[in-house]
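These are the residues of each chain, in order.
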Amino acid sequence: MSFPLICQMSIRRISQRAKDEKTRKLLSRIIRVDQAGELGADRIYAGQIAVLGNTPVGPIIQEMKEQEQEHLETFNKLIVEKRVRPTALLPLWNIAGFALGAGTALLGKEGAMACTVAVESVIGEHYNSQIRDLMEDDPEKHKELIKKLSKFRDDELHHHDTGLEHDAEKAPMYDALSQVIKVGCIGAIWLSERI
Amino acid sequence: MAAPCINRFALIFRSISRTALSRCNRNGGRFMSTSTGDRNPPQDTSSGPGGSASSQTSNGGYNTQRTGQGAQYSDELDNSEDLVSEVEEEEMPEETEEEYQTKQAVLKASLPFVHQYGWTKKAIVAGAESLGMPSMVHGMFPRGGAELVFYFYEESNKELESFLKQKVTELKEKDEKIKTGPFIHDAIETRLRMIIPYIDKWPQAMAIQTLPQNAVQSWTNLSRVVDDIWFYAGDKSNDFNWYTKRGSLAAVYKSTEIYLIQDRSEDYTDTWNFLENRLEDVVSAGHLARNLQETNTVLSEGAKGFCVMTRNLLGMNNR
């Protein structure tokens, strides 16, 4: 009997054990990176408020920050509920988010809005791909989580549109700034999924 | 007699060939080229019983040999792949449920032989033979003695988890709150007591776990222990505290384990005292951290107040 034939003849039943393990890994990856993302977004808005808090655009940023805080609390609860390991880079995202928010806010209101637009567009795509992954895995089991992620994605896209309304594209070096921030976000997402 | 016997052999062939095939896939062409020249004498790393293979098992013996040699080359590849994300596991053929159960049965039967042979392939072979399986079954365990160590560790972890679950339900029924300190002490003591039956050979097991090719798995096992203990103790942290809590508990567990293997006191009471002292250290470190933070706040408020006073005195104020 040839070697490959023996292997083909073996019945490859992916056991329930392996399937559960795969789902667990997927879920923990999603929740971990989302918690990190919401913390980062919250800190970006905090940085922007530190610089632009007293300007007319302050209340708008404050409102967006409060929504991010709600999202963050949801994920904090999910981390405990699903026994997910939070990312070890949380302190780093804490500082980096605040620095990014304050830094772009120093470029003026347009700079802050440009940062918001760039970050929210990456996050919107990111939520979409997560929803796709969850639906691919098991739409019934993850119905709750898919609903939450959809709502959060809609909130983030709303922030994205708010940013555009408030002259994001008039920011200095808008294209370069936007590109750099997007690449940074994608890198941060990749790292938080694994570490 | 024939049918179940053949079934068993078929199962073992499949498993060994699956293991060898997965090594094949990982190494690409390299594996195939190294094995062609070495068909003749069985290398002593893998195939002790290979020489005595009957015609029925000769195919399996050959597979064992290839696995043994390939294992050395593929170990380096394995390490780097274990550290990369889990996506790559989907490319390997999945282990069937039967293979998994057979492996578990063999490892369970091998545990009593640890006192005689240590945590080695010999113990696995002895265990397999006690179940009436052919000795070439050890080809299903490419990591040799380490597989036995991990099996024992994982079984002990499962036992610990059920102990913790039971304890939590008991406390809930009595409507009592969990006292973190004593709970953690009991948990670690219970877990370490599971080692005591094998304590004569446990230093060997600890040495096996520190080998680079086994380091990742043993780290995973240890983090499983501390994560379970903290989860059932009611930990609700969702930020960096998650890591500090588990890190400190892992340090306590490891140091107590090392103390345990050289302890000669009656019922290991010295070890439990050592454990108590280490846990107190962790608690006092937490208090120290909090004190430092509060002191920091007080000092910075004081400094700010002093600056304001100076400005007022120098007339640099805005009023």
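Residues numbered from 1 in each chain as written. Chains lettered and ligands numbered in written order. Predicted model: local features only at pLDDT ≥ 70, side-chain atom pairs only at ≥ 80, totals over all residues. Heavy atoms only, no water.

Naming follows an unreviewed UniProt entry, where chain B appears as Ubiquinone biosynthesis protein of Magallana gigas. The heading Sequence similarities (unreviewed entry) in the UniProt record of chain B holds the text "Belongs to the COQ9 family." Turning to chain B, the UniProt record has this under Pathway (unreviewed entry): "Cofactor biosynthesis; ubiquinone biosynthesis." (UniProt positions renumbered as here; feature names shortened; annotations may be inferred.)

An unreviewed UniProt entry lists chain A under the name 5-demethoxyubiquinone hydroxylase, mitochondrial, from Magallana gigas. Quoted verbatim from the Sequence similarities (unreviewed entry) heading of the UniProt record, the comment on chain A is "Belongs to the COQ7 family." In the Catalytic activity (unreviewed entry) part of its UniProt record, chain A is described as follows: "a 5-methoxy-2-methyl-3-(all-trans-polyprenyl)benzene-1,4-diol + AH2 + O2 = a 3-demethylubiquinol + A + H2O".

A separate point is the overall build of chain A. Counting secondary structure elements, chain A contains 7 helices and 0 strands. Counted from the first residue to the last, chain A has its helices and strands arranged as α-α-α-α-α-α-α. The contacts in chain A between residues at least 6 apart in sequence include a share of 84% that link residues at least 24 apart. For chain A, the accessible area works out to roughly 9,900 Å², and carbon and sulfur atoms hold 58% of it. (Helix = DSSP H or I, 4+ residues; strand = E, 2+ residues; numbered from the N terminus. Contact = heavy atoms within 4.5 Å. Areas by Shrake-Rupley, 256 points an atom, 1.4 Å probe, with all protein chains shown as cover.)

Residues and elements named next belong to chain A. In this fold, Glu-38 is placed in helix H2 (residues 16-52). An unpaired buried charge is present at Glu-38: no salt bridge exists, and Lys-151, the closest side chain of opposite charge, is 10 Å distant. Ignoring any residue separated from it by four or fewer positions in sequence, one finds Glu-38 in contact with Glu-68, His-71, Leu-72, Phe-75, Tyr-127 and Glu-156. (Buried < 20%, exposed > 50% of the residue type's maximum accessible area, 1.4 Å probe, protein only. Lys, Arg positive; Asp, Glu negative; His and termini not counted. Salt bridge = Lys/Arg side-chain N within 4 Å of Asp/Glu carboxyl O.)

The next subject is the UniProt feature "binding site: Fe cation 2" (unreviewed entry) in chain A. Residues and elements named next belong to chain A. Taking the numbering used here, the UniProt-annotated feature "binding site: Fe cation 2" (unreviewed entry) corresponds to Glu-68, Glu-120, Glu-156 and His-159. Spanning 92 residues, the named residues form one tight spatial group whose C-alpha atoms are at most 11.2 Å apart. Within the secondary structure, Glu-68 is located in helix H3 (residues 58-81). For Glu-68, a relative accessible area of 0% translates into the label buried. What Glu-68 contacts, discounting residues up to four positions off in sequence, is Glu-38, Ala-41, Asp-42, Tyr-45, Glu-120, Glu-156 and His-159. You can see Glu-120 is positioned in helix H5 (residues 109-137). On the accessibility criterion, Glu-120 (1% relative accessible area) is buried. Filtering out sequence-adjacent residues up to four positions away, Glu-120 remains in contact with Tyr-45, Glu-68, Glu-156, His-159 and His-160.

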